[in-house]
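Examination of the molecular architecture
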There are 2 protein chains.
Amino acid sequence: MVPHLRTALTEALSSIEEKMLSSTPMIERWFRMEWQEHTPPFYTSVDLRNAGFKISPVDTNLFPNGFDHLAEEMFPLATQAAMAAIEKYCPDARNLLIIPETDLSQPNYLRNLAQMTKIFRLTGLNVRLGSLSDDITQPTQVDLGDGESLTIERLERNGRRITLDGGKFDPCTILLNNDLSNGAPLILQNIHEQTLLPPLHAGWSVRRKSNHFAAYDEVVKKFSKAMDIDPWLINPLHTQLADLDFTNESGETALIAAVESLLKKITKKYKEYGITEKPFVMIKVDAGTDGVGVLSVRNAAEIKELGLQNRCNNCTDKDGLCVRNVLIQEGVPTIETRHGAVAEPVVYMIDRYVVGGFYRIHANKGITDNLNTEGMTFETLPFVKESERRADDLGLKYNRFYTYGVVARLAMLAASIELEKTDPDPDHHIS
Amino acid sequence: MVPHLRTALTEALSSIEEKMLSSTPMIERWFRMEWQEHTPPFYTSVDLRNAGFKISPVDTNLFPNGFDHLAEEMFPLATQAAMAAIEKYCPDARNLLIIPETDLSQPNYLRNLAQMTKIFRLTGLNVRLGSLSDDITQPTQVDLGDGESLTIERLERNGRRITLDGGKFDPCTILLNNDLSNGAPLILQNIHEQTLLPPLHAGWSVRRKSNHFAAYDEVVKKFSKAMDIDPWLINPLHTQLADLDFTNESGETALIAAVESLLKKITKKYKEYGITEKPFVMIKVDAGTDGVGVLSVRNAAEIKELGLQNRCNNCTDKDGLCVRNVLIQEGVPTIETRHGAVAEPVVYMIDRYVVGGFYRIHANKGITDNLNTEGMTFETLPFVKESERRADDLGLKYNRFYTYGVVARLAMLAASIELEKTDPDPDHHIS
């Protein structure tokens, strides 16, 4: 179900972990039943926060781009999961086309691409890379820095199909590793004969965090009932604000009111559980990728300090809060640290299987900050060996990655439901 | 598709290996399409022979009992494959009942059971062991010798269902790890509400090697056509003799004629490929397990030396040749050796996935002998690390286990077809 990866946790099991570890048969059965009803995204990564008293997903990425941070042992596992996924969409596939980000200047990202390519080649597919960039007019070698290289080719629209190499490479499945922040390019539109994974409406120009967390609410409600736990233990409180206008005072006023209301609710929950820490909220752009425009706020005064109205004189979507739709989420502090720096686990899944994970670490951030910002580093979570488990030290007796795998899969299930609900053509779904 | 395990092969790739490694996209696609039509056995192990000039399965076991010989790295892989298998038969399963062999005196076998139990517990199932033995009247602890133990319970027939613990443990799936050589016991008959895996007609009291190899002929014919190779390269020639009577001379006479005819065919093939070794055949009981009654023979004189007619004065089924149905198979020598002893690879699969493998080694046997006899030892095939692969020594550049994985999966596919064709209730099949 969830491979035993070595987390940094060495203290006693939290009550959430205890509950999950003792309920694995119920939990795994619950997921099996859910996957009879819903189709998991082709691949998913989920950023988590473990506060000890609660564990929550904070971001569900449908275009995971950190395969280079996974342990080598994940290859057979990821390959097997990828086989299961491909089989579902395209059993007669020979070829797989991967469409990467257009910006190929980041060595990390190239290594991610190389790992992805390797996984899908190991499934026995011919894998080639086709770019949406206008700069790629012919096959272009991109150096990986370790003596190996990747060849990026020009995408072609060939009537109703997308191909490479003058139509010679005609894939059955097209795997997007480009989050389409700038919208779905014309060349990818109205593709009906080939399977585009994930579908275009998973792109960040269309996707809304509020839809995701609404689906997550639904998933958690059902799961918590089955588990007999308080949903709050795995779900951050949140509220959505639409049509905020930051060009005058009304936007700020509405935001402050909503933040204060949410902080009150969190305070009440903290009291219920005897948590003495100071509550905070994260303010996020409802549409958008990564850590762009994520603010950590403890009170109304901090919002005033942001001077949102002034910032909006030069309003663009990218700088964060000059947008009209905002998601306010209960902030979840992280108890995970690596070498003194705060860390948060990231879980990688292909089809419905957890295949690996790593820590996102930020030396200059605190336990309540967004870590997905410049300066972050990554640390692979290695697979635990049987001999280590038996030694029963370093917290290896139990698979403490299991709980992360459960919460990440709940977020993945939410993404499945989100994609179903937002699908412009609902007939697509394999049931 | 097939994890990269470290074989002992270090010489240049054989032409079969070259062909298979360069055809992986075609091969993997071929299997994907076949698994759309056929349901793989729940689990399978296949003994292979690699002669260099040809690679063949020699035994396809539907009750694999060597999980203890697999590398530790297979756990996540085997667990994931087991999840896929369980999901197919019983998505709402909470409990899995394993029925082991009744003889629990072999430490090896107990370790196999412990590993199996671990794999299925990792999928999130409650796993318990129920014995067919009359000696088990109450929960019995069996010591594994390493401080751990297994609890074996008494099987109960509870109306239409099989249960443990006075009906408290009521499994959805029942996994047989008992090859039913002595027939299907009454308690397992007419089970319709629970899924028995593999089904009763996979038991050795019913199963016939000739059915298996007839199905294998069919599979290889189709595969070889797609691959454009001579089927002989992956299929031993064979012939089936029914109703041989060894109580008088007629049995021996018919056997000699058939052996001479098969040896002629092999000689012809050897000439075609310029193979200078001396051909031999294996004479096997058509029904039966393991290495019981497998004889390696080079000419008619060797058959006469066996004195079959005299041996049949005290005729039982177990001593090998006092039976009426015999399979004569082209013998495939093995080029694999470990520490100077002859070896043959054994491939382990769960559902349609290769999860691991090991060598069966016999220091006192030759390259044409059956190795599945007393005195055999086992050596785990470890997973190859990326850093080892790059070093490009010890033959690790290519996944040479791949070819074994392909031939083993062909044999597994043959077993699927065999089980379909021999099913007393053909409506069972999931399509």
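In this text the structure is predicted, and so the values were computed from the model without any measurement.

Analysis parameters
Residues numbered from 1 in each chain as written. Chains lettered and ligands numbered in written order. Predicted model: local features only at pLDDT ≥ 70, side-chain atom pairs only at ≥ 80, totals over all residues. Heavy atoms only, no water. Helix = DSSP H or I, 4+ residues; strand = E, 2+ residues; numbered from the N terminus. Rg over C-alpha atoms; globule rule 2.2 N^0.38 Å. Buried < 20%, exposed > 50% of the residue type's maximum accessible area, 1.4 Å probe, protein only. Areas by Shrake-Rupley, 256 points an atom, 1.4 Å probe, with all protein chains shown as cover. Lys, Arg positive; Asp, Glu negative; His and termini not counted. Charge placed at Lys NZ, Arg CZ, Asp CG, Glu CD. Phe/Tyr/Trp six-rings, centres within 6.5 Å; stacked < 30°, edge-to-face > 60°. Disulfide = S-S within 2.5 Å. Salt bridge = Lys/Arg side-chain N within 4 Å of Asp/Glu carboxyl O. Contact = heavy atoms within 4.5 Å. Buried area = accessible area lost by both parts, 1.4 Å probe. Core = buried A, V, L, I, M, F, W, Y, C linked by side-chain atoms within 4.5 Å. Least-squares fit on C-alpha atoms with pLDDT ≥ 70 in both. Pairing = 2+ DSSP bridges. Axes fitted to C-alpha atoms, helices over the stretch in contact; angles between N-to-C directions. Parallel < 35°, antiparallel > 145°, perpendicular 65-115°, else oblique. Left-handed = near helix turned anticlockwise from the far one by under 90°. Nonpolar A, V, L, I, M, F, W, Y, C, P; charged D, E, K, R; others polar.

**Considerations on the overall build of chain A**
For chain A, the count of helices and strands is ten helices and 18 strands. Here the C-alpha radius of gyration of chain A, 22 Å, is about what a compact globule of 431 residues would show, namely 22 Å. When its C-alpha atoms are laid out on the principal axes, chain A stretches across 65 × 60 × 45 Å. Within the span of chain A, comprising 431 residues, buried residues form 58% of the whole. Only carbon and sulfur atoms are counted for the fraction: they give 47% of the accessible area of chain A, which is about 17400 Å². Across chain A, the mean location of the 46 positive side-chain charges is 4 Å away from that of the 59 negative side-chain charges.

**So, the packing of aromatic side chains**
Residues and elements named next belong to chain B. On inspection of all chains with the given rule, the structure shows 32 aromatic pairs over all chains. Between the aromatic rings of Trp232 and Tyr270, the centroid separation amounts to 6.2 Å while the plane-to-plane angle is 70°, which identifies the pairing as edge-to-face. Linking Trp232 in the loop between α5 (209-227) and β11 (238-241) with Tyr270 in helix α6 (residues 249-272), this pair joins segments that are 38 residues apart in sequence. Tyr270 shares its class with Trp232; the two are buried.

**Some words on unusual backbone geometry**
Residue and element names in this part refer to chain A. Residue Pro198 is bonded to the preceding Leu197 through a cis peptide linkage, with omega at -15°. Position of Pro198 relative to the elements: it lies in the loop between β10 (195-197) and α5 (209-227). The backbone of Asp351 shows a phi angle near 50°, a positive value even though the residue is not glycine. Note on placement: Asp351 falls in the loop between β16 (341-350) and β17 (353-362).

**A few points about the state of the cysteines**
Disulfides are covalent bonds that link the sulfur atoms of two cysteine residues. Residue and element names in this part refer to chain A. Per the stated rule, a full pass over the model turns up two disulfides over all chains. With its sulfur 1.4 Å from that of its partner, Cys90 forms a disulfide with Cys172. Placement of the pair is Cys90 in the loop between α3 (74-89) and β3 (95-100) and Cys172 in the loop between β8 (161-163) and β9 (173-177), with a sequence separation of 82 residues. Each member of the pair, Cys90 as well as Cys172, carries the same accessibility label: buried.

**Regarding the side chain of Asp59 of chain B**
Residues and elements named next belong to chain B. Note that Asp59 resides in strand β2 (residues 55-61). One buried charged side chain, Asp59, makes no salt bridge at all; its nearest oppositely charged neighbour is Arg207, positioned 5.6 Å away. Those residues in contact with Asp59 that lie beyond four places of it in its chain are Ser45, Val46, Asp47 and Trp204.

**Points about the interface of chain A and chain B**
Across the contact, 43 residues belong to chain A and 43 residues belong to chain B. Buried surface at the junction of chain A and chain B, summed over both partners, amounts to about 3700 Å²; 49% is from carbon and sulfur atoms. One can count two salt bridges joining chain A with chain B. With a closest N to O distance of 2.2 Å, Arg352 of chain B and Glu87 of chain A form a salt bridge.

**Some remarks on the nonpolar core**
Counting residues in hydrophobic clusters, the biggest one holds 228 residues, and the most contacted among them are Met20, Leu255, Ile283 and Ile328 of chain A together with Met20, Leu255 and Ile328 of chain B. Once residues lying within four places of it in the same chain are set aside, the contact partners of Met20 of chain B are Ile27, Phe223, Met227, Ile234, Tyr402, Thr403, Val406 and Val407 of chain B.

**Section: the relation of the copies chain A and chain B**
Rotating chain A by 180° and translating it 0.0 Å along the rotation axis places it on chain B, where the RMSD comes to 0.0 Å. Such a turn and shift between the copies fits a two-fold axis. Using C-alpha coordinates, one finds that chain A approaches the rotation axis most closely at Leu77 of chain A, a distance of 2.7 Å. Interface residue correspondence from chain A to chain B reaches 100%, placing this contact among same-surface, isologous pairings.

**Considerations on the sheet that holds strand β5 (residues 140-143) of chain B**
Residues and elements named next belong to chain B. Taken together, six strands build an open sheet; the order of strands is β5-β6-β4-β3-β9-β10 and the sheet is mixed. Edge strands, defined here as strands with exactly one partner in the open sheet, are β5 and β10 (195-197). Along the sheet, successive strands turn relative to each other by an average axial angle of 35°, direction set aside.

**A few points about the environment of Ile256 of chain B**
Residues and elements named next belong to chain B. With respect to the helices, strands and loops of the structure, Ile256 is situated in helix α6. Between the alpha carbons of Ile256 and Ala300 there is a distance of 5.5 Å; along the sequence they are 44 residues apart. Each residue touching Ile256, except ones within four places of it in the same chain, is listed here: Ala300, Ile303 and Lys304.

**A short note on the packing of helix α2 (residues 24-37) of chain A against α5 of chain A**
Residue and element names in this part refer to chain A. Two elements in contact, α2 and α5, have axes separated by 11 Å at closest approach and are oriented at 140°. If you check the angle between α2 and α5, you find them oblique. Relative to α5, α2 is oriented so that their crossing is right-handed. When α2 is examined against α5, the residues Met26, Ile27, Trp30 and Glu34 are found in contact with a partner set consisting of Val219, Lys222, Phe223, Ala226 and Met227. Grouping the amino acids of the contact of α2 with α5 by side-chain chemistry returns seven nonpolar, no polar and two charged.

**A closer look at the pattern of salt bridges**
Taken as a whole and judged by the stated rule, the model has 44 salt bridges over all chains. Close ionic contact of Asp165 of chain B with Arg128 of chain B constitutes a salt bridge, the shortest N to O distance being 3.0 Å. Of this pair, Asp165 of chain B sits in the loop between β8 (161-163) and β9 (173-177) while Arg128 of chain B sits in strand β4 (residues 126-131), and the two are 37 residues apart along the sequence. The partly exposed category is assigned to Asp165 of chain B, whose relative accessible area is 32%. Salt bridges sharing partners connect three or more residues here, namely Asp47, Arg49, Glu344 and Arg360 of chain A.

**Regarding the sheet that holds strand β6 (residues 149-154) of chain A**
All names here are of chain A. Read across the open sheet, the six strands follow the order β5-β6-β4-β3-β9-β10; overall the sheet is mixed. The two strands at the open ends of the sheet, each matched to only one other strand, are β5 (140-143) and β10. Averaged over all pairs of adjacent strands, the angle between strand axes in this sheet comes to 35°, irrespective of strand direction. Summarising the sheet, strand β4 (residues 126-131) and β6 pair through three bridges and their orientation is parallel. Directly across from Gly130, in β6, lies its bridge partner Glu153. The strands touched by helix α4 (residues 107-122) are β3, β4, β5, β6 and β9; relative to β3, the strand with the most contacts, the crossing angle is about 165°.

**Looking at the packing of α2 of chain A against helix α10 (residues 401-422) of chain A**
Residues and elements named next belong to chain A. Between α2 and α10, the least distance of the axes is 12 Å, while the angle of their chain directions is 20°. Taken as axis vectors, α2 and α10 run roughly parallel relative to one another. Relative to α10, the crossing made by α2 is left-handed. Of α10, the residues touching α2 (which contributes Thr24, Ile27, Glu28, Trp30, Phe31, Glu34, Trp35 and Glu37) are Tyr402, Val406, Arg409, Leu410, Met412, Leu413, Ser416 and Glu420. Looking at side-chain class alone, the contact of α2 with α10 contains nine nonpolar, two polar and five charged residues.

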